[in-house]
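Spelled out from the first residue to the last, the chains are:
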Amino acid sequence: MPTTQEHIAVDKIKAAIREIPDFPKPGILFKDITPVLKDPVLLNQVVDYFYYQLKDKKIQYVAGIESRGFILGAALAYKLGAGFIPIRKKGKLPGLVEQHEYDLEYGTDTIEIHADAVEAGSRVALIDDLLATGGTAAASCKLLEKLKAELVSIQFLIELEFLHGREQLPTLVHTHAMIQF
Ligand code: AMP
């Protein structure tokens, strides 16, 4: 039976997310989505959930943030009939890149996108598994801005609301998370 919007069991998806304390470092409660990804019904519902969020928005490209944003983003792009664009950690993309450096708790990080990844004015949806402090997603928005893309929507599977990451994101862009903790 095909999934309809009403059949998507957000509570079941939330219950399947596994919490791993102190990974990748002490003090971080890691939200592990691999139990969701390995369940054929839940994986189908997650992708369909994003599809229903975006299906009427004329999305040309889904940009996924390394690495779990690739898994969700590629499946979503296929379902939307859109293309997929990877946003990667520094040094991973082979072509000419645009890059953006952003602050971490200690130090900085840099992410990159291919300079020719999208044509100016293209309608893009950005996706990642989880919004924490918002640094990674905000940097990704900057990269899409450099390419003059039209960022239509930002989608997350999980939002850690207590970290207020949403405040880092462009206020005018439709931003949505399926599950809140
Ligand atoms: P941030 O830039 O702080 O919003 O962090 C977001 C990125 O780090 C996403 O790509 C997430 O996959 C990852 N991340 C941050 N915190 C967690 C967490 N508690 N559990 C799983 N992934 C996380």
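Residues numbered from 1 in each chain as written. Predicted model: local features only at pLDDT ≥ 70, side-chain atom pairs only at ≥ 80, totals over all residues. Heavy atoms only, no water.

Q: Run through the overall build of the protein, naming residues and quoting values.
A: Counting its secondary structure elements, the protein contains five helices and nine strands. What you see in the protein, going N to C, is helices and strands ordered as α-β-β-α-α-β-α-β-β-β-β-α-β-β. Radius of gyration (C-alpha) of the protein: 16 Å, near the 16 Å computed for a compact globule of 181 residues. Taking the principal axes of the C-alpha coordinates as reference, the protein spans close to 40 × 40 × 30 Å. (Helix = DSSP H or I, 4+ residues; strand = E, 2+ residues; numbered from the N terminus. Rg over C-alpha atoms; globule rule 2.2 N^0.38 Å.)

Q: Give me the lowdown on the site of the ligand, citing residues and values where you can.
A: For the ligand, the set of nearby residues contains 13 residues, the closest of which are Arg68, Asp128, Asp129, Thr133 and Thr136. Note that an oxygen atom of the ligand is positioned 2.7 Å from one of the side-chain N or O atoms of Asp128. One nitrogen or oxygen atom from the side chain of Thr133 is found 2.5 Å from an oxygen atom belonging to the ligand. Of all the elements in the fold, those that place two or more residues in the shell around the ligand are strand E2 (29-32), strand E7 (123-131) and helix H5 (135-146). When grouped by side-chain class, the residues that make up the shell around the ligand number five nonpolar, four polar and four charged. (Near = heavy atom within 4 Å. Polar contact = N/O pair within 3.5 Å; in protein donor to acceptor, adjacent residues only side chain to side chain. Nonpolar A, V, L, I, M, F, W, Y, C, P; charged D, E, K, R; others polar.)

Q: Give me the lowdown on the nonpolar core, citing residues and values where you can.
A: By size, the foremost hydrophobic cluster in this structure holds 27 residues, and its most contacted members are Ile113, Val118, Leu126, Leu144 and Ile154. For this core, the secondary-structure elements that each account for two or more residues are strand E3 (61-65), strand E4 (83-89), strand E6 (108-114), E7, H5 and strand E8 (150-159). What Leu126 contacts, discounting residues up to four positions off in sequence, is Ala63, Ile65, Ile87, Ala137, Ser140, Cys141, Leu144, Leu151, Ser153, Ile154 and Gln155. Judged by nonpolar contacts, the second largest core, of 26 residues, contains Ile13, Phe50, Leu76 and Ala125. (Core = buried A, V, L, I, M, F, W, Y, C linked by side-chain atoms within 4.5 Å. Buried < 20%, exposed > 50% of the residue type's maximum accessible area, 1.4 Å probe, protein only. Contact = heavy atoms within 4.5 Å.)

Q: A description of the packing of aromatic side chains should follow, citing residues and the corresponding values.
A: Summed over the entire model, instances satisfying the criterion amount to four aromatic pairs. When the centroid spacing of 5.1 Å and the interplanar angle of 85° are considered together, the rings of Phe23 and Phe30 count as edge-to-face. On the basis of relative accessible area, Phe23 is assigned to the partly exposed category, the value being 44%. Overall, the relative accessible area of 18% leaves Phe30 in the buried class. (Phe/Tyr/Trp six-rings, centres within 6.5 Å; stacked < 30°, edge-to-face > 60°.)

Q: Provide a residue-level description of the environment of Arg18, including the pertinent values.
A: With respect to the helices, strands and loops of the structure, Arg18 is situated in strand E1 (residues 18-21). The partly exposed category is assigned to Arg18, whose relative accessible area is 44%. Among all residues touching Arg18, those that are not within four sequence positions of it are Phe30, Lys31, Asp32, Thr34 and Pro35. A polar atom in the side chain of Arg18 sits 2.6 Å from the side chain of Asp32.

Q: Let's hear about the confidence of the model for the protein: which residues, and what values?
A: On average, residues of the protein score 96 in pLDDT, and 98% of them reach the 70 mark or higher. Considering each helix and strand of the protein separately, the mean pLDDT is smallest for strand E5 (residues 97-103), with a value of 96, and largest for E3, with 99. (pLDDT = per-residue confidence, 0-100.)

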